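Here is what each chain is made of, one letter per residue.
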Amino acid sequence: MTIIAKGLAGVTVGETAISTVGKAGAGLTYRGYSIQDLARHATFEEVAYLLIYGKLPNVSELNAYQERLAKLRELPPPVCQVLETLPMSTHPMDVLRTGASMIGSLEPEGENGRGAAYVADRLIASMTSMLGYWHRYAHRRQRVDTQSDETTLAGHFLRLMNDAPPIETARRTLDTIFVLYAEHEFNASTFTGRVVTSTLADTYSAVVAAIGALRGPLHGGANEAAMELIASFETPQEAEKSIKHMLDARRLIMGFGHRVYKNGDPRSDIVKELARQLSYESGNTMYFEISESIENVIMREKGLFPNLDFYSATAYHLCGIPTVMFTPLFAVSRTSGWVAHVIEQRDDNSLIRPNADYTGPPAQEFVELQGR
């Protein structure tokens, strides 16, 4: 009898040298570096370089890489024209999907020396511009310059969104969240990208497919759902009472539990501390207190830990980022991991084509229609 692992749970489908997720004695690492060290000491640009190019940059390499990304932020006029046609009701994930596909058409991989690393750098840099340009045009009818003098992608995004220099605490927080979201082994969107790559498709196609996989609430959309839940309560006491009722009714609460981490997501404590700091610095602690109340009830009643998505919602909100932008920012960061996997898949490629057990009707005789 065939054993079926729904969702491929517990099934090892390949090897990777990019990250470890929940490995005994290692936890979460990017190319051997612990997530705690990277979150504490590295910028997102350093992490993106590590994932895409295979090593941490030295000072001169980092400076050159930041300058390279800054030059790649600018959107071609045809991309701006396409973004202007997207209505205000468009989800920003669809903005990214459309913008990435458009750039892939204008700057195809393989032409003018463009390889997968170029595609990664181009998309990481320009995705922040896509989101900022579309948001400002759709909501204010403003055509904005997609360049800025901000050194980091986090700062560039916040400046474009708010038309003002970013608050340093918010910029630092977003940069750290980018680090935390950058890579996570064979998650749904990354595996989607590897499946597409295994067919020998181009890197843009793999990234666009991965964006589609990340669009769903069971993967990238969990932080949006978490924010909607948190914002629905006015006090920690109300949250505690309502969450208890939701659990009794067996309703799904997004942002808790993880397929891999049974004893807690190592990224959660990091982002929780960021949310705490932002709360007290801003003098607005209510959302953080409500979040803690929800966490305490779910731990007490179900023994479930929050994952990265839960407290990142509060942190994003306190940075002044609209809820619909939460998952797109996940995609900006994760593009570095996606393309690292595209490169790795190509180095030892085999078409990914699993089997399935057929459960349909038995063989039937086809009867041709008479009189047609």
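Residues numbered from 1 in each chain as written. Predicted model: local features only at pLDDT ≥ 70, side-chain atom pairs only at ≥ 80, totals over all residues. Heavy atoms only, no water.

1. A look at the packing of helix α12 (residues 236-248) against helix α14 (residues 286-302)
(1) Moving on: The geometry of α12 relative to α14 is characterised by a closest axis approach of 9 Å and an angle of 35° between their N-to-C directions. Handedness of the crossing formed by α12 with α14: right-handed. Residues P236, A239, E240, I243, K244 and L247 of α12 form the contact with α14, whose participating residues are M286, E289, I290, S293, I294, V297, I298, R300, E301 and K302.
(2) Moving on: When the residues that make up the contact of α12 with α14 are grouped by side-chain class, the tally is 9 nonpolar, 1 polar and 6 charged. (Axes fitted to C-alpha atoms, helices over the stretch in contact; angles between N-to-C directions. Helix = DSSP H or I, 4+ residues; strand = E, 2+ residues; numbered from the N terminus. Left-handed = near helix turned anticlockwise from the far one by under 90°. Contact = heavy atoms within 4.5 Å. Nonpolar A, V, L, I, M, F, W, Y, C, P; charged D, E, K, R; others polar.)

2. With respect to the confidence of the model for the protein
(1) Moving on: Across the protein, the average pLDDT comes to 93, with 99% of residues at 70 or higher.
(2) Moving on: The lowest-confidence element of the protein is strand β1 (residues 19-23), averaging 85 in pLDDT; the highest-confidence one is helix α2 (residues 44-53), averaging 98. (pLDDT = per-residue confidence, 0-100.)

3. Re unusual backbone geometry
(1) Moving on: Even without being glycine, N112 reaches a positive phi, approximately 55°.
(2) Moving on: Tracing the sequence through the fold places N112 in the loop between α5 (92-106) and α6 (116-140).
(3) Moving on: Its identity as a non-glycine residue notwithstanding, D163 has a phi of 55°, on the positive side.
(4) Moving on: Since its relative accessible area comes to 53%, D163 is described here as exposed. (Buried < 20%, exposed > 50% of the residue type's maximum accessible area, 1.4 Å probe, protein only.)

4. Structural notes on the sheet that holds strand β2 (residues 27-30)
Strand-to-strand pairing in sheets goes through backbone hydrogen bonds, with the strands running parallel or antiparallel.
(1) Moving on: Ordered by their spatial adjacency, 3 strands build an open sheet running β1-β2-β3, and the pairing between neighbours is antiparallel. The sheet is open, and its two edges are formed by β1 and β3 (33-34), each paired on a single side.
(2) Moving on: Both β2 and β3 contribute to a ladder of 2 bridges, which runs antiparallel. What sits directly across from Y30, in β3, is Y33. (Pairing = 2+ DSSP bridges.)

5. Topic: the layout of surface pockets
(1) Moving on: In this structure, the largest pocket occupies an estimated 1,200 Å³ of space.
(2) Moving on: Forming the boundary of the largest pocket are 39 residues, of which N187, A188, H258, R259 and V260 lie nearest the centre.
(3) Moving on: Contributions of two or more residues to the lining of the largest pocket are made by β1, α9 (188-198), α15 (308-318) and α16 (326-347).
(4) Moving on: With 3 residues, the single largest contributor to the lining of the largest pocket is β1.
(5) Moving on: Looking at side-chain class alone, the lining of the largest pocket contains 18 nonpolar, 14 polar and 7 charged residues.
(6) Moving on: Put simply, the second largest pocket is a space of about 600 Å³.
(7) Moving on: Lining of the second largest pocket is provided by 23 residues; of these, V11, V13, G14, F191 and I352 occupy positions nearest its centre.
(8) Moving on: Sorting the residues of the lining of the second largest pocket by element identifies α9 and α16 as the ones contributing at least two each.
(9) Moving on: Among the residues making up the lining of the second largest pocket, the classes are represented as 11 nonpolar, 6 polar and 6 charged. (1 Å grid on protein atoms, 1.4 Å probe; cavity = no way out; pocket = protein on both sides within 12 Å on 5 of 7 lines; lining within 4 Å. Points joined across faces, edges and corners; volume = space filled by probe spheres on them.)

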